[in-house]
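Structural description and commentary
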Amino acid sequence: MAFPCIRGHHIYDSILGPESNILDLGGHKGEFSTILIEHYGCTSHCVEAMPDLFQALPKLPRLHAYHYAASDADGTMTFHIASNPESNSLKLKSEEHHTSIEVPTISIPTLLSTHGISKIDLLKMDIEGAEIDVIKGMSDSLLKSIQQITVEFHDFIPEMNLEQEVLQTIARLKSLDFACIVFSRKTHFDVLFLNKQFISSQTIILARIIKYIHGLGRMIKRVIS
């Protein structure tokens, strides 16, 4: 399939297999990790901050679960709870966050060293605005070792004022020789970064073509509806 969309995240699946390590930040109920384990035989390291969601993660041989909120530093932070569990966040958005708890935070370098994770082949982030801090907390050399990164940036939420930081983060990753393919329309809701060190220029061109085919499909659906 090459570029499937899994739980709102486009990935390049042709390089995934039993030797692949996935780092799933914002694991929720483990849906993304479970699909990659079942379809490609990957090993997933799944990070979830919300205690009840962490406890509900499926018990699979290739799924390793960690109760943290991913951030740029290790410690403890306030985690804001919303009625929609997919909106829980370290970043206070609006009145939808009706309560809060304290959760342990961890940077990616510490997570890797503490838990003996030797590499990341696919990094997925859906962490409600904290993706900016997570990337800030990663060195250039660590980022350059990752084959692909799929991110839900949150510049579509005006209250979070992330537009400039999102653009700066994208510019940094481009400077590290990642190709940036934005599959979402208008905002950066679904962005795939492909590391040119591991992925051919022909594959990157194909990803851009598929992006426009998907966009054309959305336009046709709007016209029909």
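So, here is what we can say about the structure in this document.

Each value, and the rule that gives it
Starting afresh in each chain, residues are numbered from 1 along the sequence in its written order. It should be noted that, the model being predicted, local features are given only for residues of pLDDT at least 70 and side-chain atom pairs only at 80 or more, the latter also being counted only at that level, while totals for whole chains, interfaces and linings use all residues. Each side-chain value is derived from all of the structure's non-hydrogen atoms; neither hydrogens nor water enter the calculation. The criterion is simple. A nonpolar core is a set of buried Ala, Val, Leu, Ile, Met, Phe, Trp, Tyr and Cys residues joined through side-chain atoms within 4.5 Å. Exposed residues in this analysis have more than 50% of their type's maximum accessible area, buried residues have under 20%, and partly exposed residues fall in between, with area computed by a 1.4 Å probe over protein chains only. Contact criterion: two residues are considered in contact whenever any of their non-hydrogen atoms come within 4.5 Å of each other. Two strands qualify as a pair provided DSSP detects at least 2 bridges between them. Numbering of helices and strands runs from the N terminus; a helix is a DSSP stretch of H or I covering at least four residues, while a strand is a stretch of E covering at least two. Under this scheme, a helix contributes an axis fitted over its contacting stretch, all axes are lines through C-alpha atoms, and angles between N-to-C directions fall in the 0 to 180 degree range. Within 3.5 Å is the distance limit for a polar contact, defined as a pair of N or O atoms, with the added protein rule that one can donate a hydrogen and the other accept it, and that residues adjacent in sequence qualify only through two side-chain atoms. Only residues above 30% relative accessible area that lack a salt bridge enter a patch, with like-charged residues linked at up to 9 Å and the nonpolar side chains Val, Leu, Ile, Met, Phe, Trp and Tyr linked at up to 5 Å. Methods summary: accessible areas were calculated by the Shrake-Rupley approach with a probe of 1.4 Å, and residue burial reflects only the protein chains presented. Just to be clear on terms, a salt bridge is a Lys or Arg side-chain nitrogen sitting within 4 Å of an Asp or Glu carboxyl oxygen. Pairing of aromatic side chains requires ring centres within 6.5 Å, counting the rings of Phe and Tyr and the six-membered ring of Trp. Pairs whose planes differ by under 30 degrees are stacked, by over 60 edge-to-face, and all others tilted.

Some thoughts on the nonpolar core
Buried together is how nonpolar side chains tend to be arranged in soluble globular proteins. Within the largest apolar cluster, 38 residues are counted, with the highest numbers of intra-cluster contacts made by Leu 25, Ile 108, Leu 123, Met 125, Ile 149 and Phe 193. Here Ile 108 is in contact with Leu 23, Leu 25, Ala 70, Ser 71, Ile 120, Val 134, Met 138 and Leu 142, once residues within four sequence places are set aside. Listed in part, the 12 residues of the second largest apolar core include Ile 181, Leu 194, Ile 199 and Ala 207.

Focus on the sheet that holds strand 5 (residues 63-66)
Taken together, 7 strands build an open sheet; the order of strands is 5-4-3-9-10-12-11 and the sheet is mixed. Since the sheet does not close on itself, it has two edges, and those belong to strand 5 and strand 11 (178-182), each with one partner. Direction aside, neighbouring strands of the sheet carry axes that sit 15° apart on average. With 4 bridges connecting them, strand 3 (residues 21-25) and strand 9 (residues 122-125) associate as parallel partners. Residue Ile 22 lies in a different strand from strand 9, and its bridge partner there is Leu 122. Most of the contacts of helix 1 (residues 31-40) go to strand 3, to which it runs at about 165°, and overall it touches strand 3, strand 4 (43-47), strand 5 and strand 9. Packed onto the sheet, helix 6 (residues 163-175) meets strand 10 (148-151), strand 11 and strand 12 (191-195) and runs at close to 140° relative to strand 11.

Focus: unusual backbone geometry
Its identity is not glycine, yet Arg 7 carries a phi of approximately 55°, on the positive side. Even without being a glycine, Asp 177 presents a positive backbone phi close to 75°. Take Asp 177: it is sitting in the loop between helix 6 and strand 11.

So, the environment of Ser 184
Tracing the backbone shows Ser 184 in the loop between strand 11 and strand 12. The exposure class assigned to Ser 184 is buried, which follows from its relative accessible area of 16%. In this structure the C-alpha to C-alpha distance between Ser 184 and Glu 152, which are 32 residues apart in sequence, comes to 9.5 Å. In this structure the side chain of Ser 184 is engaged in a polar contact, spanning 2.8 Å, whose partner is the backbone oxygen of Thr 187. A polar contact of 3.0 Å, which involves the side chain of Ser 184, links it to the backbone nitrogen of Asp 190.

Some thoughts on the pairing of strand 9
Residues Leu 122 and Lys 124 of strand 9 are buried on one face, and the alternating residues Leu 123 and Met 125, pointing to the opposite face, are buried as well. In this structure, strand 9 lies alongside strand 10, joined through 4 bridges in parallel fashion. For Lys 124, the partnering residue across the bridge sits in strand 10 and is Thr 150.

Examining a nonpolar patch on the surface
Together, Ile 205, Leu 206, Ile 209 and Ile 213 line one region of the surface with nonpolar side chains, adding up to about 360 Å² of accessible area. When you line up the elements, Ile 213 lands in helix 7 (residues 201-224). For Ile 213, a relative accessible area of 52% translates into the label exposed.

Considerations on the side chain of His 10
Looking at the secondary structure, you find His 10 in strand 2 (residues 9-10). The class for His 10 is buried, based on a relative accessible area of 6%. One polar contact links His 10 to Asp 190, side chain to side chain, over a distance of 2.5 Å. Beyond its immediate sequence surroundings of up to four residues, His 10 is in contact with Phe 3, Pro 4, Cys 5, Thr 150, Phe 183, Asp 190, Leu 192 and His 214.

Here's the deal with the packing of aromatic side chains
Scanning the entire structure with this criterion turns up 3 aromatic pairs. Relative to Phe 193, the ring of Phe 153 has its centre 6.3 Å away and its plane inclined at 90°; by these criteria the two rings are edge-to-face. A residue pair is termed long-range when its members are at least 10 positions apart, and Phe 153 in the loop between strand 10 and helix 6 and Phe 193 in strand 12 qualify at 40 residues. Judged by relative accessible area, Phe 193 falls into the buried class, the value being 0%. Measuring from ring centre to ring centre gives 5.1 Å for Phe 156 and Phe 189, while their planes differ by 65°; the resulting arrangement is edge-to-face. Here Phe 156, found in the loop between strand 10 and helix 6, pairs with Phe 189, found in the loop between strand 11 and strand 12; they are 33 residues apart in sequence, far enough to count as distant. Phe 189 sits in the partly exposed class, given a relative accessible area of 34%.

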